[in-house]
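Examination of the molecular architecture
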Amino acid sequence: MKTRFFILISCLLVFSNCKDLAEEKHPIVESFVPENYEDFENLGGVVLGNTDRSIGQLRMDSLNLFVLQRFVSQKKLNLEFEKLDEVQFIEHEPFLFIDSEFCNEVNGDDSDFIIAIVKDKEVAVFENSNVLKAWKINLSTDKFEEIESLNVQCINQWYGYDG
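**Notes on the sheet that holds strand 5 (residues 95–98)**
Overall, antiparallel pairing links the four strands, which are arranged 5-7-9-10 in an open sheet. Two strands lie at the open edges of the sheet, namely strand 5 and strand 10 (143–147), each paired on one side alone. Neighbouring strand axes in the sheet, compared pairwise and without regard to direction, differ in orientation by 20° on average.

**Topic: the state of the cysteines**
A covalent bond between the sulfur atoms of two cysteines is what we call a disulfide. One pass over the full model with this rule turns up one disulfide. Between the sulfur of Cys 103 and that of Cys 154 lies a disulfide, 2.1 Å long from S to S. Handedness of the Cys 103-Cys 154 disulfide follows from its S-S torsion of about 105°: it is right-handed. Linking Cys 103 in strand 6 (residues 103–105) with Cys 154 in strand 11 (residues 152–155), this pair joins segments that are 51 residues apart in sequence. Classification of Cys 103 by relative accessible area gives buried; the value is 6%. Look at Cys 154 and you get buried, because its relative accessible area is 1%.

**Let's talk about the packing of aromatic side chains**
Tallying each qualifying case throughout the model produces six aromatic pairs. Seen in terms of ring centroids, Phe 66 and Phe 89 are 5.2 Å apart; in terms of plane orientation they differ by 50°. Their pairing is tilted. On the criterion of sequence distance, the pair formed by Phe 66 in strand 3 (residues 63–75) and Phe 89 in strand 4 (residues 78–90) is long-range, its members being 23 residues apart. The pair Phe 66 / Phe 89 is uniform in exposure class, with both members buried. Following the ring pairs from residue to residue traces out a cluster consisting of Phe 66, Phe 89, Phe 95, Phe 97 and Trp 135.

**A short note on the pairing of strand 10**
Two elements, strand 9 (residues 131–138) and strand 10, share five bridges in a ladder whose sense is antiparallel. Of the residues in strand 10, the one forming a bridge with Asn 138 is Lys 143.

**Details of unusual backbone geometry**
Unusually for a residue other than glycine, Asp 61 sits at a positive phi of about 55°. For Asp 61, the position within the fold is in the loop between strand 2 (53–60) and strand 3. Owing to a relative accessible area of 71%, Asp 61 belongs among the exposed residues under this scheme. The phi angle at Asp 142 is positive, at roughly 55°, despite the residue not being glycine. Tracing the sequence through the fold places Asp 142 in the loop between strand 9 and strand 10.

**Digging into the nonpolar core**
In this structure, Ile 55, Phe 66, Leu 68, Ile 115, Trp 135, Ile 137 and Phe 144 are the most contacted members of the largest nonpolar core, which totals 16 residues. Mapped by element, the contributors of at least two residues to this core are strand 3, strand 4, strand 5, strand 7 (113–119) and strand 9. Of all hydrophobic cores here, the second largest spans 13 residues; its members include Ile 98, Ile 147, Val 152 and Cys 154.

Parameters and conventions
Residues numbered from 1 in each chain as written. Predicted model: local features only at pLDDT ≥ 70, side-chain atom pairs only at ≥ 80, totals over all residues. Heavy atoms only, no water. Pairing = 2+ DSSP bridges. Helix = DSSP H or I, 4+ residues; strand = E, 2+ residues; numbered from the N terminus. Axes fitted to C-alpha atoms, helices over the stretch in contact; angles between N-to-C directions. Disulfide = S-S within 2.5 Å. Buried < 20%, exposed > 50% of the residue type's maximum accessible area, 1.4 Å probe, protein only. Phe/Tyr/Trp six-rings, centres within 6.5 Å; stacked < 30°, edge-to-face > 60°. Core = buried A, V, L, I, M, F, W, Y, C linked by side-chain atoms within 4.5 Å.

Printed below as a string of structure tokens:
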């Protein structure tokens, strides 16, 4: 399975301040493991554009979580995040997580943050039945809002990549 999401570098190793990182619209951020999730594997996270929010991905066996979080502060090398919302799903087949930089809602607002779970296929654009689930991140309510996956298209940034 292609796992571009798993190759993210910790922002603690590369950047001194994750808030500056979010302001630079860089997609890499250290993701936290919320309380009561210590048994989950931390798969990384992505900053939502020019905001102080990010999405972390956690997994334990076939249970997967997306956690919407807000960067709160940095004390020396420790980052503090506030958990805002989460969605859970069971993995039944290999999938890819596509972050908000590569997804949009057909006939939707381009400024919306859309994330999706897609079938792991060698296609240039994931659409129709290739998009399994999708959510819009509402920054006013700090909630995931599930949207119709048939109305979502995501660019496969790894299309044609052999590495």
